[in-house]
Amino acid sequence: MTKKYTIVTYGCQMNEHDSEKMSWLLENMGYKPTENKNDANIIIYNTCIVRENAELKVYGQLGSLKDLKRKKPDLIIAVCGCMMQTETARNVVLDKYKHVDIIFGTSNIHKLPQLIDRHNQTGETIVDVVEDNREIVEDISSNRKYTFKAFVDIMYGCNNFCTYCIVPYTRGRERSRDPKSIIREIDQLAQDGCKEVTLLGQNVNSYGKTLDYHFTFADLLTEVNKIDGIERIRFMTSHPKDLSDDLIAAMAQLDKVCEHLHLPVQAGSSRILKAMNRKYTKEDYLKLVEKIKRAIPDIAITTDLIVGFPGETEEDFQETLDLVKRVRYDSAFTFLYSKREGTIAAKKENQVPDEVKHERFQRLLDTMYPIFYENNMKYQNKVVEVLVEEVSKNNKDILSGRTRTGKLVHFQGDKDLIGKFVSIKITEIKTFTLEGFIIQ
Ligand code: SAH
Ligand code: SF4
Ligand code: F3S
């Protein structure tokens, strides 16, 4: 009988891409995917610990598997990802969820087949986590979700230690992949029909710093831009402190680099930014945005914002509102500050009460949504190039895809168009999406 697997993924694109790698490894072992956990022979949770709610979801899920495991003792339950890189979360799983069979970390994904074998041979709970994940394992293949667009890791880890953030503790020190192997990977993707790549790193702007020769992120973009078949280049995430003039110039010049920049600001108050260890002020950020908009006038800028960092006063929060009104973001991910054990901010005594956080959060959304809508109004009656991505979940005749600026567009069309570029005339504007019809 064919063995089946389910991977449940939480967290960022890094995790999504790691799950694509695990899926490839499992299919090579003869497993087939299933969405139904009751059918699965192995269930893997690829976890995230960036905010508390991500963590709680995983414990909830693990708890709910107890019965299934009792009925199917051969079922393998594995937990990996960022949560398992912290000792506390690992111990919680080991103590409270004894039905978990395999625990592994973010830098030993390639060992999954061995870990499964070891568990099968010994019947024991296997724990394999590398705390100091400096090694880069190259050339792990992945079972990518789409053929026409792909994530490509260009670096791992983070050295920035923003005081609220746990990522530097889970993903280890920053290290860049060798540009030659990145280019080789993208070349191969292009030959396999990939048209859009998203280069991934916690701070792509500092790409190259750990290489033993001079090679920057702008240099990497220049090389990727030369690859035939690749038509769009995206990247995530850019730390404002490291966004160089060279990079802005490269973005403006390179035809395949999309007019979209995700530039997390986190907060508008320079005092809070300092306490967050972000290394820029509100003024620095605003100047940077002005420079980018001057160089690339039709760029869409998106961001991440945290509300209720310890010590955030109403005045500080007003600075955030002022900043979002001045930048006029195209979209934003907004988060309630979440205390993460082991980070500097978690030790602060001046934590903001939950009701205050929630109330500020709502005011922030109320300020930003009309701006998103007004920005989208610029697309009314315009013709945009869209890479068709998928059929709408609710209506089979409706397709969706994205513009170069990252806007989600809905339109009527045949599913054969998935993976192709179409020209869409925009007829309707919403806060988060655009609607239109195919003109070619
Ligand atoms: N490396 C990226 C993003 C990493 S995490 C960057 O620096 O931009 C993604 C987002 O989660 C962060 O940008 C931040 O807004 C949010 N985040 C991280 N830690 C958080 C915490 N403790 N509470 C709330 N939001 C957090
Ligand atoms: Fe976290 Fe800051 Fe690193 Fe981003 S740059 S991963 S927010 S420490
Ligand atoms: Fe979460 Fe780890 Fe990504 S903590 S946001 S999955 S790097």
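Please read all numbers here as calculations on a predicted model, not as lab measurements. Within each chain, residue numbers correspond to sequence positions counted from 1 in written order. Chain labels run from A onward and ligand labels from 1 onward, assigned in the order the entries are written. Totals for whole chains, interfaces and linings use all residues, but because this is a predicted model, local features are given only for residues with pLDDT of at least 70 and pairs of side-chain atoms are given and counted only at 80 or more. Calculated side-chain values reflect all of the structure's heavy atoms, with hydrogen atoms and water omitted.

Enquirer: Hey, could you go over the site of ligand 2 for me, with residue numbers and the actual values?
Expert: Contacts to ligand 2 come from Cys158, Asn160, Phe161, Cys162, Tyr164, Cys165, Val167, Pro168, Gln202, His239 and Arg278. The residue inventory of the shell around ligand 2, partitioned by class, reads seven nonpolar, three polar and one charged. Note on terminology: near, applied to a residue and a molecule or strand, indicates that one of the residue's heavy atoms is within 4 Å of it. Side-chain classes follow a simple rule in which Ala, Val, Leu, Ile, Met, Phe, Trp, Tyr, Cys and Pro form the nonpolar group, Asp, Glu, Lys and Arg form the charged group, and the remainder, Gly included, forms the polar group.

Enquirer: So what about the packing of helix α8 (residues 217-225) against helix α9 (residues 245-253)? Which residues, and what values?
Expert: Contact pair α8 / α9: the axes reach a minimum separation of 8 Å and the direction vectors enclose 15°. Comparing their axes, α9 and α8 come out roughly parallel. The two elements α8 and α9 cross, and the hand of that crossing is left-handed. Side by side, α8 and α9 meet where Phe217, Ala218 and Leu221 of the first sit next to Asp246, Leu247 and Ala250 of the second. In terms of residue class, the contact of α8 with α9 is built from five nonpolar, no polar and one charged. Note on geometry: axes are lines fitted to C-alpha atoms, helical ones only across the stretch in contact, with angles between N-to-C directions running from 0 to 180 degrees. Elements are defined by DSSP. Helices are runs of H or I of four residues or more, strands are runs of E of two residues or more, and each kind is numbered from the N terminus. Roughly parallel here means an angle under 35 degrees, roughly antiparallel means over 145, roughly perpendicular means 65 to 115, and every remaining angle is called oblique. Helix crossings fall into two classes, left-handed where the near helix is turned counterclockwise from the far one by less than a right angle and right-handed where it is turned clockwise. Should any heavy atoms of two residues lie within 4.5 Å, those residues are counted as being in contact.

Enquirer: Talk me through the packing of aromatic side chains; I want residue IDs and the actual numbers.
Expert: Note on ring pairs: Phe, Tyr and Trp rings are taken, using the six-membered ring of Trp, and paired if centres are within 6.5 Å. Classes follow the plane angle, with under 30 degrees stacked, over 60 edge-to-face and the rest tilted. If you walk through the whole model with that rule in mind, you get 11 aromatic pairs. Ring centres 5.8 Å apart and planes at 5° place the aromatic pair Tyr59 and Tyr97 in the stacked group. Of this pair, Tyr59 sits in helix α2 (residues 52-64) while Tyr97 sits in the loop between α4 (87-96) and β5 (102-104); the two residues are 38 residues apart in sequence, bridging distant segments of the chain. For the pair formed by Tyr59 and Tyr97, the shared burial category is buried. The interplanar angle of 85° and the centroid separation of 5.1 Å between the aromatic rings of Tyr369 and Phe432 together place this pair among those described as edge-to-face. Note on classification: 1.4 Å probe, protein chains only; a residue is buried when its accessible area is under 20% of the maximum for its type, exposed when over 50%, partly exposed between these limits.

Enquirer: Talk me through the site of ligand 1; I want residue IDs and the actual numbers.
Expert: For ligand 1, the set of nearby residues contains 15 residues, the closest of which are Arg51, Gln202, Gln266, Asp304 and Ser338. Here an oxygen atom of ligand 1 and a side-chain polar atom of Arg51 are 2.9 Å apart. Here a polar contact is taken to be a pair of N or O atoms separated by no more than 3.5 Å, where protein atoms must pair a possible hydrogen donor with a possible acceptor and residues adjacent in sequence count only if both atoms sit in side chains. Note that an oxygen atom of ligand 1 is positioned 2.6 Å from one of the side-chain N or O atoms of Gln266. For the area figures, the Shrake-Rupley method with a 1.4 Å probe applies, and any residue is considered shielded solely by the protein chains shown. Burial of ligand 1 by the surrounding chains reaches 90%, relative to a free accessible area of 540 Å². Sorting the residues of the shell around ligand 1 by element identifies β13 (300-307) and β14 (331-336) as the ones contributing at least two each. A class-by-class count of the residues in the shell around ligand 1 yields seven nonpolar, four polar and four charged.

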